[in-house]
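Fold and contact review
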Amino acid sequence: MRHTLREIANHIGAELAGDDASVEISGVASLGTAAGKHLVFIEDAKLLAQALASKAGAIIVPVSVEVNGAAKPLLRAKSPRLAFARAAALLAEPPEHQLGVHPSAVVHKDAKLGLGVSVGPHAVVQRAANIGARSRVGANASIGAGVSLGSQCEIAPNVTIYSGTKLGDRVVVHAGVVLGSDGFGFVRDEQGKYEKFPQIGTLVIGNDVEIGANCTIDRGALESTVIGNGTKLDNQVHIGHNVRIGDNVVIAAQTGISGSTVIGNNVIVGGQVGIGDHVIIEDGVILGSGSGVLTGKIVRGAGVVHWGIPAKPLKQHLKELATISRLAQKSSDKKQKD
Amino acid sequence: MRHTLREIANHIGAELAGDDASVEISGVASLGTAAGKHLVFIEDAKLLAQALASKAGAIIVPVSVEVNGAAKPLLRAKSPRLAFARAAALLAEPPEHQLGVHPSAVVHKDAKLGLGVSVGPHAVVQRAANIGARSRVGANASIGAGVSLGSQCEIAPNVTIYSGTKLGDRVVVHAGVVLGSDGFGFVRDEQGKYEKFPQIGTLVIGNDVEIGANCTIDRGALESTVIGNGTKLDNQVHIGHNVRIGDNVVIAAQTGISGSTVIGNNVIVGGQVGIGDHVIIEDGVILGSGSGVLTGKIVRGAGVVHWGIPAKPLKQHLKELATISRLAQKSSDKKQKD
Amino acid sequence: MRHTLREIANHIGAELAGDDASVEISGVASLGTAAGKHLVFIEDAKLLAQALASKAGAIIVPVSVEVNGAAKPLLRAKSPRLAFARAAALLAEPPEHQLGVHPSAVVHKDAKLGLGVSVGPHAVVQRAANIGARSRVGANASIGAGVSLGSQCEIAPNVTIYSGTKLGDRVVVHAGVVLGSDGFGFVRDEQGKYEKFPQIGTLVIGNDVEIGANCTIDRGALESTVIGNGTKLDNQVHIGHNVRIGDNVVIAAQTGISGSTVIGNNVIVGGQVGIGDHVIIEDGVILGSGSGVLTGKIVRGAGVVHWGIPAKPLKQHLKELATISRLAQKSSDKKQKD
């Protein structure tokens, strides 16, 4: 969707110098792929020459860059990356999904669809599901009975949402995701066989959440699994039953969070992290990729990086790694000497 | 499904005191969510006051609790958790899937459906598949040619079962699971390129198995991959070709088991465990979360916990962790002293 | 598909002794499962007696084995495993998918299907997608707008390919795979909330690639994610945005590769490996299962095995493991002595 530099500058809160306000921009690109009507960005003034040499039509630059006399229109922004992200959202083409329900979709007569809802080919929407205005359900997705989606949600193809799951507004769910499946809870009987503990709770997801491809989030056993507002999950993340995750949490790919764990707000979790059950991760903690938190532990310290298995403050973990290396080297030197 | 306390007590083998036998219960709940017709449970007598203060209609308690004069009906059970699980199963509403084949499903004319089978919208059942009595196939699921399902299986939406896979009775397969895909087997040719080793074996799954969302279990290369009776898999577990898993095994989320490994009965495997190929895990072994077993190893000891990478008996691993901590601390003290 | 031993010997480049050239073989099997018309193989001459005792119709043996006077026809091959794989491919039954588009599939009128393309029940092929000759799209698969598939690709059921993704020829994509989903890129705004960084690049996959069940490969943010020719991925592998993987790479199950990492040709990556972002893995490196490579690192050495977290040359890692064990033992001996 084309916009003039003036419109873009206003939207992203950037300063546009010179007389290029009416130049039209059609999209964003990287320095290497930009064509004439593309907007690019640099975060470091040292890259200005390279950006000017690109084919881009305009450049978002840090405020430290002098804009006068540049060979291309420049937009000065406090955070060029954030400004670029916002410009990209402004310039993005609207999704081409047809409005309305594809004739091959199966929508239960008691499901409720808001205004402007799109339901893709072969999607299934079960009884009493409620799809909010302008939400889109992808091809072959399965929306269970009583599921509630807020407005402007995007459900990709082949997603499964189990009955009763609730999503807020603007939730993006990538392909292959499973929401609200049974948690992993069994009780051994007198003969040592496993009988199923009831998994009849719900899953409640806030607004502005994004869930990466093939993630799985279980419903609560008796209560709810909860994902806060603005939280973002990378691909193949697993979240067990009764877990409560706060707002603005990011979790990188292939991390697993066991049952009944509580994660505060603004926590950052790396990839392939393992978190045991009944753990508490307090607000703002950072867990390095591959680290492991044992059952029942409490991890504290906003902004403090924890790493290793079991996870400990980064400084301590690095010291241990260095100690091992040193002792192994020493032992090896000794052998060579002997 | 409502039942009287008498019916519930009889079903779960609990002792019901007093004259509340005809009180009706409609379902189970947690202490926090219970309403008047709900059954709750406590495992510790100390929680009795809290349970009595809840809105629950009746409480399952340990046999140690004195039932006389309590303000709510109490059911005394040897294992309150097990009794509660059984009561929950008794009280569960029957699934609301329509009986029969949804008009949008594609069922091959040579597939065989038992009595009371349900096939959901847009599900596909290929040639010569055999779906046992009262089994349910979810929306958009794909059942390959010659697949055999026992009775009362529950196949969730978007599940894929490759041709020839065999499931026993009462197998629960959660959404997004892939059963019987090709194993990972290649041979390098003279130029170093990989050619495919045949993956033409089968996958055989016993009775009462539950498979979590987005798990993948490969078929055998030339023989079979086998999952025993009563074994339970959490979400995103991966099982390679030719693996043989015994009965009553539990495997937590995101664990991966490489090709041709053999796992005995009653083994407990934590989350994110990695098991190399051609490993033997003997009956009753417990592998802690995040541990790793190297190719070709044998792990022994019913009830013995193994942990770490490479996995070793817990005591030894903890000793190593403590040693590292101590030496790092010592080295750090020394530096400060210097 | 039946072939005579002569045809098989010619196809796999094996030497067939004796007068059995016209014996017909119908398929391959293991020693344990072989029936009379099956071909088996052994890699070790010591297994010859066992193979001769099987019910197999013929045996591929190493060139070191003397063929004269054997009770079964023998085919001598330099690499019996490779010869067996090639014989299996020759003897494999052609897939039974119907040719053409199943009546329940939804194929956009502007999609282009090559000669002999098969589209399964309830599959969806969106606008301007291009499916190459003799490619097969499985049941309930979703092929996005503008996706391009080369010839003879096999897309299993419930696969999702996002718009614009490009696959070469003979690419095998197993069930539940997601190709071209958005990468994980967000920018924090002034209030600490995450806004989406554009994920508008593409995913380009070469020829002869095989992708295991439930893998996820993200599109590039602004540029492309690239997978080279002949590369093979096991199940549940995750590949982030902008990653570039070379030719003939094998990656075992549940490995995760973070954004913008570059992997050379002929690299071998074990299972559950974690690779940080902006890493370079040079040609021919071998990463042991469970190892972790930190953000920004370069791993060098064709044929050199790296292991551990952080990954280091195998010899060094083993020395560290041994040192830890020894010191823990010493400390424990000391305690007992005290």
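All values derive from a computational prediction rather than experimental measurement.

Of the two same-sequence chains, chain C is brought onto chain A (RMSD 0.1 Å, axial shift 0.0 Å) by a rotation of 120°. As the rotation angle and translation indicate, the two copies are arranged about a three-fold axis. Of the residues that chain C buries at the interface, just 19% are likewise interface residues in chain A, meaning the two copies contact each other through different surfaces.

Attention now moves to the interface of chain B and chain C. Counting from both sides, the interface comprises 59 residues of chain B and, opposite them, 51 residues of chain C. Summing both partners gives a buried area of about 4000 Å² for chain B against chain C, and 57% of it is carried by carbon and sulfur. The largest share of the area that chain B buries against chain C comes from B:F184, B:Y194 and B:L222, three residues that together contribute 16% of it. Across the chain B-chain C interface, the total number found is 4 salt bridges. The interface formed by chain B and chain C contains 28 residue pairs in polar contact (both at pLDDT 80 or more). Put simply, the parts of the chain that give the side of chain B that touches chain C at least two residues each are β21 (178-181), β22 (186-188), β23 (194-196), β26 (216-218) and α4 (314-337) of chain B.

All names here are of chain C. In terms of burial, strand β6 (residues 58-62) is largely enclosed, as 5 of its 5 residues are buried. Alignment of strand β5 (residues 38-41) against β6, held across 3 bridges, turns out to be parallel. By the bridge assignment for β6, L39 is matched with A58. The handedness of the β5 to β6 crossover, carried by helix α2 (residues 48-53), is right-handed. Summarising the sheet, β6 and strand β7 (residues 74-77) pair through 4 bridges and their orientation is parallel. Within β7, the residue paired with V61 across the bridge is R76.

Quick look at the sheet that holds strand β40 (residues 305-307) of chain A now. All names here are of chain A. The strand order across the open sheet built from 12 strands is β8-β11-β14-β17-β20-β25-β28-β31-β34-β37-β40-β41, with neighbouring strands paired in mixed fashion. In this open sheet, the two edge strands, each paired with only one partner strand, are β8 (100-101) and β41 (312-313). As paired strands, strand β37 (residues 286-287) and β40 are joined by 2 bridges and run parallel to one another. Across the sheet, the residue bridging to I286 is V305, located in β40.

Once that is clear, we can look at a nonpolar patch on the surface. Together, A:V262, A:I280 and A:I298 make up a nonpolar patch on the protein surface, roughly 210 Å² of accessible area in all. In this structure A:V262 comes out as partly exposed when scored by relative accessible area, which is 34%.

Let us now look at the interface of chain C and chain A. Contacts between the two partners involve 59 residues from chain C and, on the opposite side, 52 residues from chain A. For the chain C and chain A pair, buried surface summed over both sides reaches about 4000 Å², with 57% attributable to carbon and sulfur atoms. Among the residues of chain C in contact with chain A, C:F184, C:Y194 and C:L222 are the three that bury the most area, contributing 15% of the side total. The residue A:R86 makes a salt bridge to C:E190 at a minimum N-O spacing of 3.3 Å. Counting across the interface, chain C meets chain A through 27 residue pairs in polar contact (both at pLDDT 80 or more). For the side of chain C that touches chain A, the elements supplying multiple residues, two or more each, are β21 (178-181), β22 (186-188), β23 (194-196), β26 (216-218) and α4 (314-337) of chain C. Counting residues per element, the side of chain C that touches chain A draws most heavily on α4(C), at 6 residues.

The linkage connecting B:I309 with the following residue, B:P310, adopts the cis geometry, with an omega of -5°. Along the chain, B:P310 turns up in the loop between β40 (305-307) and β41 (312-313). The phi torsion at A:S260 lies on the positive side, around 65°, for a residue other than glycine. Here A:S260 shows up in the loop between β32 (256-257) and β33 (262-263).

The next thing to look at is a positive patch on the surface. On the surface, A:R326, A:K330, A:K334, A:K335, B:R326, B:K330, B:K334, B:K335, C:R326, C:K330, C:K334 and C:K335 cluster together to form a positively charged patch. Residue assignment for the positive patch shows that the elements contributing at least two residues are α4 (314-337) of chain A, α4 of chain B together with α4 of chain C. Note that B:K330 resides in helix α4.

Attention shifts here to the side chain of C:T165. All names here are of chain C. Position of T165 among the secondary structure elements: in the loop between β18 (160-161) and β19 (166-167). For T165, a relative accessible area of 0% translates into the label buried. Excluding residues within four positions of it along the chain, T165 makes contact with G146, V147, S148, L179, G180, L203 and R219.

The next subject is helix α1 (residues 5-12) of chain B. All names here are of chain B. For α1, the set of buried residues is L5, I8, A9 and I12. One side of α1 holds all its buried residues, which, seen down the axis, span an arc of 100°. Among the residues trailing α1, G13 stands out with phi positive, at a value near 65°.

On to the side chain of A:T160, then. Take A:T160: it is sitting in strand β18 (residues 160-161). According to the relative accessible area criterion, A:T160 is buried, its value standing at 1%. Only 2.8 Å separates the side chain of A:T160 from the side chain of B:N158, close enough to count as a polar contact. Those residues in contact with A:T160, other than ones at most four positions away along the chain, are A:S142, A:V177, A:V178, A:L179, B:P157, B:N158 and B:A175.

The next subject is the sheet that holds strand β9 (residues 106-107) of chain B. All names here are of chain B. Taking strand neighbours across the sheet as the criterion, the 10 strands line up as β9-β12-β15-β18-β21-β26-β29-β32-β35-β38 in an open arrangement whose pairing is parallel. Two strands lie at the open edges of the sheet, namely β9 and β38 (292-293), each paired on one side alone. Taken together, the 2 bridges between strand β29 (residues 238-239) and strand β32 (residues 256-257) define a ladder with parallel strand orientation. By the bridge assignment, H238 is partnered in β32 with G256.

This next bit is on the state of the cysteines. With the rule as written, the count across this model stands at 0 disulfides over all chains. Looking at the unpaired A:C215, the closest cysteine sulfur is the one in B:C215, lying at 15 Å. Residue A:C215 is classed as buried on the basis of its relative accessible area, which comes to 0%. Looking at C:C153, it has no disulfide partner, and the nearest cysteine sulfur is the one in C:C215, 16 Å off.

Turning our eyes to something else, we now look at the environment of C:L47. Within the secondary structure layout, C:L47 lies in the loop between β5 and α2. It is 45 Å that separates the C-alpha atoms of C:L47 and C:K297, two residues lying 250 residues apart in sequence.

All names here are of chain C. Residues L74 and R76 point to one face of β7 and L75 and A77 to the other, with burial holding for every one of them. When strand β2 (residues 15-16) meets β7, the two strands line up antiparallel, connected through 2 bridges. When the bridges of β7 are listed, E15 appears paired with R76.

Conventions adopted
Residues numbered from 1 in each chain as written. Chains lettered and ligands numbered in written order. Predicted model: local features only at pLDDT ≥ 70, side-chain atom pairs only at ≥ 80, totals over all residues. Heavy atoms only, no water. Least-squares fit on C-alpha atoms with pLDDT ≥ 70 in both. Contact = heavy atoms within 4.5 Å. Buried area = accessible area lost by both parts, 1.4 Å probe. Salt bridge = Lys/Arg side-chain N within 4 Å of Asp/Glu carboxyl O. Polar contact = N/O pair within 3.5 Å; in protein donor to acceptor, adjacent residues only side chain to side chain. Helix = DSSP H or I, 4+ residues; strand = E, 2+ residues; numbered from the N terminus. Buried < 20%, exposed > 50% of the residue type's maximum accessible area, 1.4 Å probe, protein only. Pairing = 2+ DSSP bridges. Right-handed = clockwise from strand over helix to strand, strands pointing away. Patch = residues over 30% accessible without salt bridge, like charges linked within 9 Å, V, L, I, M, F, W, Y side chains within 5 Å. Areas by Shrake-Rupley, 256 points an atom, 1.4 Å probe, with all protein chains shown as cover. Lys, Arg positive; Asp, Glu negative; His and termini not counted. Charge placed at Lys NZ, Arg CZ, Asp CG, Glu CD. Arc of directions from axis to C-beta. Disulfide = S-S within 2.5 Å.

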